[in-house]
Amino acid sequence: MAAGRGRRGVLPGFGLAMGFTLTYLSVIVLIPMSTLVWKSAGLTWAQFWHTATGPRELAAYRLSFAAALAAAAVNGVFGLLLAWVLERYAFFGKRLIDVLVDLPFALPTAVAGISLASIYARDGWLGRWLEPAGIHVAFTPLGVMVALTFVGLPFVVRTVQPVLRDLSPEIEEAAATLGAGRAQTFLRVLLPELVPAAATGVVLAFARALGEYGSVIFIAGNMPMRSEITPLLIMIKLEEYDYAGATAIALVFLVASFSLLLLINVLSWRRGGARGVAA
């Protein structure tokens, strides 16, 4: 018994730790979110429905969710490729590229938006070549997706890299000695190990893109019904002192975002459980 009492963890017991956890979560997340419900309560149900589901609001919802999903999907593919190159190959400038991956974390979003708008404008470095080809990026929904792709890339790369680091190249060599080709090795040996991490990175990138504001407003053009995102519409409502309308839109966006993220996570948990049973 004396030996049992001596083996105590550094952290407090479950009850105290859970109490601190719930208190911190309530102060940082739950209480601020509850103000959305409280502010929206000033509207009747008819007013709430009219404010939150108008044509302009629905267009903003569609653009925000579609652009975030598209950006997360693009990052899922190219983020996985970038992580593979950084972990499996040695080349000149590798450390510089590895540092640049984290640039969206450190760069102010407004600066990123101004930079992207300048590059993809009609007379920008890339825009001058894309515009004649009929590819319009700046001040279009495509520009919104480009900005969201920029801010979400590090999430996929940084979640996949540790898994690749733990996967020894000897596994690939063993598969090759057993007669597996490159495609078969990747699809049947490596990809099952990378999918959970890549899926986590995609979910994080998607969640980050949903709430992005600073990097989007400069490249989107902010045209109602076309390139106006939901966070910008909320800011417009606040500038008009329509606090109830802003919180109504924010509440709908919050519920939809949380439901979608919860669904994605549940599917990921089930996939992980199925893989564990199969193993």
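Up top is the structure.
All residue numbers refer to position in the chain's written sequence, counted from 1. Where local features are concerned, this predicted model is filtered to residues with pLDDT of at least 70; where side-chain atom pairs are given and counted, the filter is 80 or more; whole-chain, interface and lining totals use all residues. Based on all heavy atoms of the structure, the side-chain values leave hydrogens and waters out of the count.

**Things to note about the nonpolar core**
Note that soluble globular proteins tend to have their nonpolar side chains buried in a common cluster.
Then, in step 1: Of all hydrophobic cores here, the largest spans 37 residues; its most connected members are Y120, V144, L148, V216 and I219.
Then, in step 2: Helical segments are the DSSP runs of H or I of at least four residues, strand segments are the runs of E of at least two, and each set is numbered from the N terminus. Elements that contribute at least two residues to this core include exactly α3 (45-52), α4 (55-88), α7 (109-120), α9 (141-166), α11 (182-210), α12 (214-220), α13 (230-239) and α14 (243-278).
Then, in step 3: Broken down by element, this core gets its largest block of residues, 8 residues, from α4.
Then, in step 4: Whether two residues are in contact is decided by their heavy atoms, any of which lying within 4.5 Å being enough. When residues no more than four places from it in sequence are discounted, the contact partners of V144 are L63, A67, V216, A220 and I229.
Then, in step 5: With 16 residues, the next largest nonpolar core counts V101, V157, L167 and L190 among its residues. In these notes, a set of buried Ala, Val, Leu, Ile, Met, Phe, Trp, Tyr and Cys residues joined through side-chain atoms within 4.5 Å is what counts as a nonpolar core. The buried label applies to any residue whose accessible area, calculated with a 1.4 Å probe on protein chains only, is under 20% of its type's maximum; exposed applies above 50%, and partly exposed to all values in between.

**So, a nonpolar patch on the surface**
Then, in step 1: On the surface, F14, M18, L22, Y24, L25, V27, I28, V29, L30, I31, M33 and L254 cluster together into a nonpolar patch covering about 1100 Å² of accessible area.
Then, in step 2: With 11 residues, the top contributor of residues to the nonpolar patch is helix α2 (residues 14-40).
Then, in step 3: Along the chain, the position of L25 falls in helix α2.
Then, in step 4: In this structure L25 comes out as partly exposed when scored by relative accessible area, which is 39%. Like-charged residues within 9 Å of one another, or nonpolar side chains (Val, Leu, Ile, Met, Phe, Trp, Tyr) within 5 Å, are grouped into patches, provided each residue has over 30% relative accessible area and no salt bridge. Here the accessible surface of atoms and residues is derived via Shrake-Rupley with a 1.4 Å probe, and residues count as covered only by protein chains that are part of the display. When a carboxyl oxygen of Asp or Glu is within 4 Å of a side-chain nitrogen of Lys or Arg, the pair counts as a salt bridge.

**A short note on the environment of P32**
Then, in step 1: Its place among the elements puts P32 in helix α2.
Then, in step 2: Those residues in contact with P32, other than ones at most four positions away along the chain, are S26 and V27.

**Details of α4**
Then, in step 1: When the terminal C-alpha atoms of α4 are compared, their 49 Å separation across 34 residues agrees well with the 50 Å that a helix rising 1.5 Å per residue should span.
Then, in step 2: Where α4 bends most, at G76, the angle is about 25°. Multiplying one less than the number of residues by 1.5 Å gives the expected span of a helix. Across the chain, bend at a residue is computed as the angle between axes fitted to the seven residues ending at that point and the seven starting from it.

**What about the packing of aromatic side chains?**
Then, in step 1: Only the six-membered ring of Trp is used, alongside the rings of Phe and Tyr, when aromatic pairs are assigned; centres must lie within 6.5 Å, and planes under 30 degrees apart are stacked while those over 60 apart are edge-to-face, with the rest tilted. Following the criterion strictly, the structure yields 5 aromatic pairs and no others.
Then, in step 2: Aromatic pair W45 and W49: ring centres 6.0 Å apart, planes at 35°, arrangement tilted. Taken as a pair, W45 and W49 lie in helix α3 at a separation of 4 residues, close to a single helical turn. In terms of burial, W45 and W49 fall into one category: exposed.
Then, in step 3: Taken together, the ring pairs in this structure connect W45, F48 and W49 into an aromatic cluster.
Then, in step 4: Our definition puts a charge over a ring when NZ of Lys or CZ of Arg is within 6 Å of the ring centre and also within 35 degrees of the ring normal. The side chain of R88 reaches across the aromatic face of W84, ending 5.2 Å from its centre.

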